[in-house]
Amino acid sequence: MTERIYNFSAGPATLPVAVLEKAQRELLSLNGIGMSVMEISHRSKHFDEIIERAKSGLRNHLNIPENYQILFLQGGASLQFSMIPINFLREGETADYVVTGAWGKKAIKEAKRAGNGVAIYDSEKSGFKSVPTDDELSYSENANYIHYTSNETIEGVEFKRDLDGGGTPVICDMSSNILSKRIGIDKYAMIYAGAQKNIGPSGVTLVIIRDDMLAKVPKNQHTLLDYRAIASKGSMLNTPNTWGIYIIDLVCQWLSENGGISAMEERNEAKAKILYDAIDSSDGFYRGHADRNARSFMNVTFNLPGEDLEKRFAEEATSQGLDGLKGHRSVGGIRASIYNAFPKEGVQTLVDFMEDFCKTHG
Ligand SMILES: Cc1ncc(COP(=O)(O)O)c(C=O)c1O
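What comes next concerns the included structure. On a predicted model such as this, the values are computed, not experimentally measured, just so you know. (Residues numbered from 1 in each chain as written. Predicted model: local features only at pLDDT ≥ 70, side-chain atom pairs only at ≥ 80, totals over all residues.)

## What to know about the nonpolar core
So the rule is basically this: The term nonpolar core refers to a group of buried residues, namely Ala, Val, Leu, Ile, Met, Phe, Trp, Tyr and Cys, whose C-beta atoms join them within 7 Å. Counts of 20 or more other C-beta atoms within 10 Å of a residue's own C-beta define buried residues, counts of 12 or fewer define exposed ones, and intermediate counts define partly exposed ones; C-beta atoms are placed from the backbone. Going along the chain from the N terminus, every DSSP run of H or I of four or more residues is numbered as a helix, and every run of E of two or more is numbered as a strand. Each domain's extent is set by a domain assignment, obtained either automatically or from a database. C-beta atoms are placed from the backbone for every residue, and two residues are taken to be in contact when these atoms lie within 7 Å.
Formed by 94 residues in total, the largest nonpolar core has its most connected members in Met190, Ala193, Ile209 and Ile248. Sorting elements by how many residues they give to this core places helix H7 (residues 242-257) first, with eight residues. When residues are assigned to domains, this core turns out to be shared by domain 1 (18-257) and domain 2 (260-361), each giving three or more. In this view, Ile248 contacts Ala54, Ala195, Ile199, Gly200 and Val204; residues no more than four positions away in its chain are not counted. Counting residues in each nonpolar core, the second largest holds six residues, with Phe128, Val157, Phe159 and Ala290 among its members.

Given below as structure tokens:
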């Protein structure tokens, strides 16, 4: 099959076609050097240009000030769940966690191995449908940091604001909505994100970290778990994911050619609206999972009347070229992931399919 289908997968997710085509053109010989990016040394001038361009692309798009370092790590966003407490939390010390979904729950679990990971908000009992208002959050005194997940990919629950830590460093897992909308980077001490949704392929994790946080890393840390050591060597303590960083560079170029983050934000909001409107106008046949004010623009989660129908929905959709709609195995239901690279026509095609399916089975 050479035709592309609509890929609603939550991650690894669909990439811009222009990026795939450029990578394809350059696969055998990058810029006429006679080798692919996967075959050149990470210490070569060719790769140096790529990693520097990827960093400056991200710096420009996200408006990252000079006192923040941009790192490319491995081990996925999941390794960050451990690296954060390893670097910033010791026995007897406290870190606040805002738990709005399955990923935040995994993050606090790792924090508790190092010190007091305190869940100052946890919506698990009510089914991970909500995000807290500022009034619902009261931070611990002397917390080393506050951690939250700006978009919970599994439940489709998203913060519509940057959390204000009131002076305490804020650390955010932005794996599934980074680059999708404008954010105030200076509100954060550290942001991290697995690349495989909006940034590039899996296997590379973006970390944006403020200099004063690097100064807090304890001495004698294991080198590859030490943010300061990684930053001091420009993410090249060991061999980085060269292919992943190359694709990030191409994605940043694609973003520039397509209006940057503010254009993405507008498009993403419009795409999500089409889907949520279809859910809300289905007379209850489709039921959105998240509270309205917490509805994710990246992962639209909903249910049908019964698991059998949900299974059938996902199967029939797949047979019509709409793939990856089955909800995460832990929660079931349907999830349509519509990141930056996902085209509006694909959302419209899904909505047409939903209307037909509702007519037949509603
Ligand atoms: C919000 C969020 N955090 C963390 C992760 C874990 O990422 P990884 O698989 O890169 O470890 C994911 C994966 O989908 C995610 O969506």
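## Structural notes on the environment of Cys358
Within the secondary structure layout, Cys358 lies in helix H10 (residues 344-361). Classification of Cys358 as partly exposed rests on a count of 17 C-beta atoms within 10 Å. Along the backbone, Cys358 and Phe313 are 45 residues apart, and their C-alpha atoms lie at a distance of 9.7 Å. If near-sequence neighbours (up to four positions away) are discounted, Cys358 is found in contact with Ser282 and Phe285.

## Notes on helix H3 (residues 76-88)
The condition that has to hold: A helix is expected to span 1.5 Å for every residue after the first. For a residue, the bend is simply the angle between two axes, fitted respectively to the seven-residue segment ending there and the seven-residue segment starting there.
For H3, with 13 residues, the first-to-last C-alpha span of 19 Å sits near the 18 Å given by 1.5 Å per residue. The largest bend in H3 comes to about 25 degrees, at Ser82, with the proline Pro85 one to four residues further on.

## A look at the sheet that holds strand E12 (residues 299-303)
Stated formally: When DSSP finds two or more bridges between a pair of strands, those strands are recorded as paired.
Strands sit in the order E11-E12-E14 across an open sheet of three strands; the sheet is antiparallel. Both outer strands of the open sheet, strand E11 (287-288) and strand E14 (334-337), are each paired with one neighbouring strand and no more. Alignment of E11 against E12, held across two bridges, turns out to be antiparallel. Looking across to E12, one finds that Arg287 is bridged to Asn303.

## Some thoughts on the environment of Val351
Mapped onto the fold, Val351 is located in helix H10. Classification of Val351 as partly exposed rests on a count of 16 C-beta atoms within 10 Å. Setting aside its immediate chain neighbours within four residues, Val351 contacts Ile274, Leu275 and Ala278.

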